[in-house]
Each structure stands twice: as C-alpha cells, then as structure tokens.
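Spelled out from the first residue to the last, the chains are:
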Amino acid sequence: MSSMNIGLLGLGTVGGGVAAVLAKNGADINRRAECDIRVKAALVLDETKKRAENVPVTTNPADILADKDVQIVAELMGGVEPARSYVLEALRSKKSVVTANKDLLALHAEEIFRVAAENGQDIYFEGAVAGGIPIIAAMRASFTANDITSVTGIINGTTNYILTAMTEQGRDFAAVLHEAQELGYAESDPAADVEGLDAARKLAILATLAFHTPVLFPDVYVEGITGITSADIEYARELGRVIKLLAIARKTEEGVEVRVHPALLPERHPLATVRDVFNAVYVEGDALGESMFYGRGAGALPTASAVLSDVIQAARNRNAGVQGRQGLGHDRRLPIKPVRDYRSSFYIRLKVKDEPRVFASLALFFAEADISFASIIQKPRSGGNAEIALVTHPCRESQFEQALSSVRAYSKLEKIYNTIRVLND
Ligand code: NAP
Ligand code: HSE
C-alpha cells in the first residue's frame, strides 16, 4: 500500500485528538483511505511542552509547508494569521488542505477556495462547524437539489454546556466555563464562545453553503450569553421555556437574515432538549422539508472524527488523481437584510414603581409601537417596587427599540434587567 504523509499545523486539543484517533483506528483508516496515513510532523508554538502524542514537533512552518513528502496539511492551530498564510502556502505548494478553523473561513473562504482551484488542490472543512456532526458534507452534497429556506441551530458546545448546567443544576457561570475549558470545548480565548462570536462564524459558513451566496462573519448580528442570569432562567421556566444560544439563518424576500443570540424556546421545541456539549442543526428546504442533525459539537475526538474523514477523502482523491468538491457553490449574491427588520417576540424583565397607572403606561409604550403582549408575570418587590416580566407578540426589531426607548425614559422605571428574544413554535 502507498503512503500519504500529513503535516499537522497545531497539536492542541484537536491535533491531539487526530493523533489519538489515528493511533486507535489507524488500520481501519488506512484500509478505507487505501494508503498508509502517517503524521510526519506537527507545528507547535512551544517545542518544550510535554505531550502525550508520539509525533515529531517543530516550531518552523517550513518543516511542513516546504516538505515535498507532506501531501496533506491539516490546519488545527486556529486564528486568522498566520493560519491564512500557511493554508495559502500549502495550497500553492500543491498540498491538499483540511481545516477546522471557522475564524479563517468566515472571513477568507472565497480567497482560499480560489487559490485551491487555481492550484488544483482540495480544501475540506467538516471540523469547522458543529464538531463531529457531518453538516458540511450534507450542505455541500446532499441538499444541493433544494432551495434551503432556513438553518436554525445550537452550534456552540461551550455555551450550551454552560446554559445546561445553569438551568439544570443552578450552577455558577464562571465555574462551568472553567470546566468547559478543562474539557477542551472552549476556544483559546473563551470570549469567542460566550460572546457568541464562534457561533456567528459557524453560521456565516452554514448560511454561505445553504443559500449559495457569500455571507461573512461581520454580516451576522451577534449577542452572547454573558448577560443571562439565574433569574432569567427561572422566569423562562415559569413561562414554560428554556434559554439557548441560537444561530438562525433565513432566506427572506428582503435578503438573508443571519443572527446569533440567546432565545427563550418552548420546552417542547426540538432544540430545547439539546443539552450539554451537544449541537443540533435544523434545516428546512423546499423539497426536503425538515431535517435535523444532532451530535457532539466540540471536543478532541468528535472534531478529530470530522477532520480525519476529510483527510481520508483528500487521500483517496490524491491517489485517484482527482479533486473533490470544487468551490463554495455560490450561484447568487443575495443582500443581507437590515437587522431593524428582523422579527421576533421579546422577553423584557424590569423593575418599576408599584403604583397605579404604571402598568397602563408600560402597555401604552408598547401599544404606540404597535406591539401587544403574549404573557405577563408581576411580582412585588421591596421598597414599593414590582418586578415585571413581559413577553411580546412578534414584532420588528425597530418596533421593539421604539417601545424600549419610551420605557427607558419613563420616570417610574427603576431598572431594565434584561431583554431576550423569544422563539415561538
Ligand atoms: P488549541 O488546543 O489551543 O491548540 C492549538 C495548537 O496550535 C497548539 O498545539 C499550539 O501550539 C498551536 N499553535 C497555535 N498558534 C500557533 C502558531 N502561531 N504557530 C505555531 N503553532 C501554533 O486549539 P484547539 O482547541 O485544538 O483548536 C484548533 C482549531 O480547531 C481552532 O481553529 C478551533 O476553532 C477549531 N476547533 C476546535 C474544537 C474544539 O472542540 N476544541 C472543535 C472544532 C474546531 P502549543 O501546543 O505549543 O501551544
Ligand atoms: N469552542 C467551540 C464550541 C468548539 O464550544 O463549540 C467547537 O467548534
């Protein structure tokens, strides 16, 4: 059997997972790839670090990028630079590239795919979105006969792990985040997870593939989970809902809607039961109808499963002298819809003076913006105050912002604790 050498750019959580799965399942992988796959070297930052993997390490990228015996480069280091330059150099050096780097693809996919095509090389990226779930292969191959109209998902494992522990065990945000980092789920800067940026990058990639139009990370409206408190989780429970960080992409008449934010979901919604580090992606297409994918969204082995399936495909293609899927599949350029026109229901929790006409005034502020209420909870609080949690019927962001500015200016308002979007059935 012929051999195929891989160079790993990065030997951290995912790189280590790739080495571990190769060590465990190597014989099967080689049979399926129809060649012996060997890791020739791994690029790292710190050569002196103690590592469990039996892989030669280097701090010199040329040891991999300029090595003619390396046919496949797996970029598992993260970040935009120098990852972008290394990926482009690998493609120009006629190597196939596999990457799990959503930061890179959510900004530079067009350039990378163009250089791959110019050099006749494969670029695969199943590990970049939703860990071990094969959603990229489905988007790039299985759904191509459809007009995909929406993609809704939980696509960040760290935040789902944190929200699950806060909801089910009443645990503290910071302690659970630390645990998620220890488990290898979080990004090197976990702000990318908890601020929603990681999910936004993944959504840009999914929306690009789903709607066959370029969608970049800056196009995505983003809010993270750092403002979610145990009180909001408790109110959500009273309203028969759970709070999840959702990624939503929709193709509408006015353009593509792409947003990541926490949302109150009905307890019976299929995404409400997605717990811990699990991810789920729910796709709607005109021919397909509805389809849902579920699996582990982060961690060494699930991501290695995705990365190695790409490596096997790239190895098969090289041996057959062919290229795999070409391009990003863009066949249109749709506008991005302005955020003010996005529609949602909203939850708002506030403290006001517990006096006559206060609730009537609040109702008036919302009525002036043409918004009606779906649910209301009011609780007495000390100091002559009342805490109110309201859920509105669906309205545009611009309508909600109009009502909110009236509430903010109201003399009987003590505090707005939070506003969170609400997803209905
Ligand atoms: P990680 O644990 O921080 O590992 C990064 C690796 O890259 C380390 O080996 C590090 O070297 C090396 N590295 C970083 N910057 C480098 C540089 N400038 N030059 C040379 N080497 C460098 O990260 P990870 O969690 O494995 O994530 C890797 C990629 O996979 C990221 O794009 C991430 O978004 C993506 N991803 C991660 C997961 C997950 O669950 N963790 C899931 C899906 C996708 P040292 O070892 O010397 O520090
Ligand atoms: N930090 C990411 C997450 C890793 O928690 O989902 C997987 O992309």
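To start, this report covers the structure provided alongside it.

What counts and what doesn't
- Residues numbered from 1 in each chain as written.
- Chains lettered and ligands numbered in written order.
- Predicted model: local features only at pLDDT ≥ 70, side-chain atom pairs only at ≥ 80, totals over all residues.
- Heavy atoms only, no water.
- Core = buried A, V, L, I, M, F, W, Y, C linked by side-chain atoms within 4.5 Å.
- Buried < 20%, exposed > 50% of the residue type's maximum accessible area, 1.4 Å probe, protein only.
- Helix = DSSP H or I, 4+ residues; strand = E, 2+ residues; numbered from the N terminus.
- Contact = heavy atoms within 4.5 Å.
- Expected span 1.5 Å × (residues − 1).
- Polar contact = N/O pair within 3.5 Å; in protein donor to acceptor, adjacent residues only side chain to side chain.
- Near = heavy atom within 4 Å.
- Areas by Shrake-Rupley, 256 points an atom, 1.4 Å probe, with all protein chains shown as cover.
- 1 Å grid on protein atoms, 1.4 Å probe; cavity = no way out; pocket = protein on both sides within 12 Å on 5 of 7 lines; lining within 4 Å.
- Sits in = over half its atoms within 2 Å of the grid points.
- Nonpolar A, V, L, I, M, F, W, Y, C, P; charged D, E, K, R; others polar.
- Points joined across faces, edges and corners; volume = space filled by probe spheres on them.
- Domains from an automatic or database assignment.

**Some thoughts on the nonpolar core**
- Judged by nonpolar contacts, the single largest core of 86 residues is most densely connected at Ile135, Met139, Leu206 and Val258.
- Per-element accounting of this core gives the leading share, ten residues, to helix 9 (residues 197-211).
- With residues near it in sequence (within four places) discarded, methionine 139 still touches Thr144, Val151, Leu206, Leu209, Ala210 and Val283.
- Core analysis: the second largest hydrophobic core is formed by 28 residues, Leu8, Leu22, Ile37 and Ala100 among them.

**Observations concerning helix 4 (residues 102-118)**
- Taking 1.5 Å of rise per residue, the 17 residues of helix 4 would be expected to cover 24 Å, and the 22 Å separating its terminal C-alpha atoms lies within 8% of that figure.
- Of the positions making up helix 4, those classed as buried are Lys102, Asp103, Leu104, Leu105, Ala106, Ala109, Glu111, Ile112, Phe113, Val115 and Ala116.
- For helix 4, the secondary structure elements touched by its buried residues are strand 4 (72-75), helix 3 (83-92), strand 5 (96-99), strand 6 (123-124), helix 5 (135-142) and helix 9.
- The N-terminus of helix 4 is capped by asparagine 101, whose side-chain oxygen sits 3.1 Å from the backbone nitrogen of aspartate 103.
- The first or second residue beyond helix 4 is glycine 120, which carries a positive phi of 65°.

**Let's talk about the site of ligand 2**
- Taken together, Lys102, Asn156, Gly157, Thr158, Tyr185, Ala186, Glu187, Asp193, Asp198, Lys202, Gly297 and Ala298 make up all the residues around ligand 2.
- Between an oxygen atom of ligand 2 and a side-chain N or O atom of asparagine 156, the distance comes to 3.4 Å.
- Protein coverage of the free-state accessible area of ligand 2, which is 250 Å², stands at 94%.
- Here ligand 2 is seated within the largest pocket.
- Those elements giving two or more residues to the shell around ligand 2 turn out to be helix 6 (157-169) and helix 9.
- Residue composition of the shell around ligand 2, by class: three nonpolar, four polar and five charged.

**Observations regarding empty space enclosed by the protein**
- Tallied over the entire structure, the rule returns two cavities of 30 Å³ or more.
- Put simply, the largest cavity is a space of about 120 Å³.
- If you trace the largest cavity, you find 16 residues lining it, with Leu105, Ala109, Thr208, Val215 and Leu328 closest to the centre.
- For the lining of the largest cavity, the secondary structure elements donating two or more residues are helix 4 and helix 9.
- Ranked by residues supplied to the lining of the largest cavity, first place goes to helix 4 with seven residues.
- Residues belonging to the lining of the largest cavity are distributed by class as follows: twelve nonpolar, three polar and one charged.
- Structurally, the lining of the largest cavity is a two-domain feature, drawing no fewer than three residues from each of domain 1 (3-131 + 300-320) and domain 2 (138-295).
- The computed volume of the second largest cavity comes to approximately 40 Å³.
- If you go around the second largest cavity, the residues you meet are Phe113, Ala116, Ala117, Gln121, Ile123, Arg325, Gln326 and Gly327.
- Top element by residues in the lining of the second largest cavity is helix 4. It accounts for three residues.
- Within the lining of the second largest cavity, the residues separate by chemical class into four nonpolar, three polar and one charged.

Geometry only, nothing functional implied.
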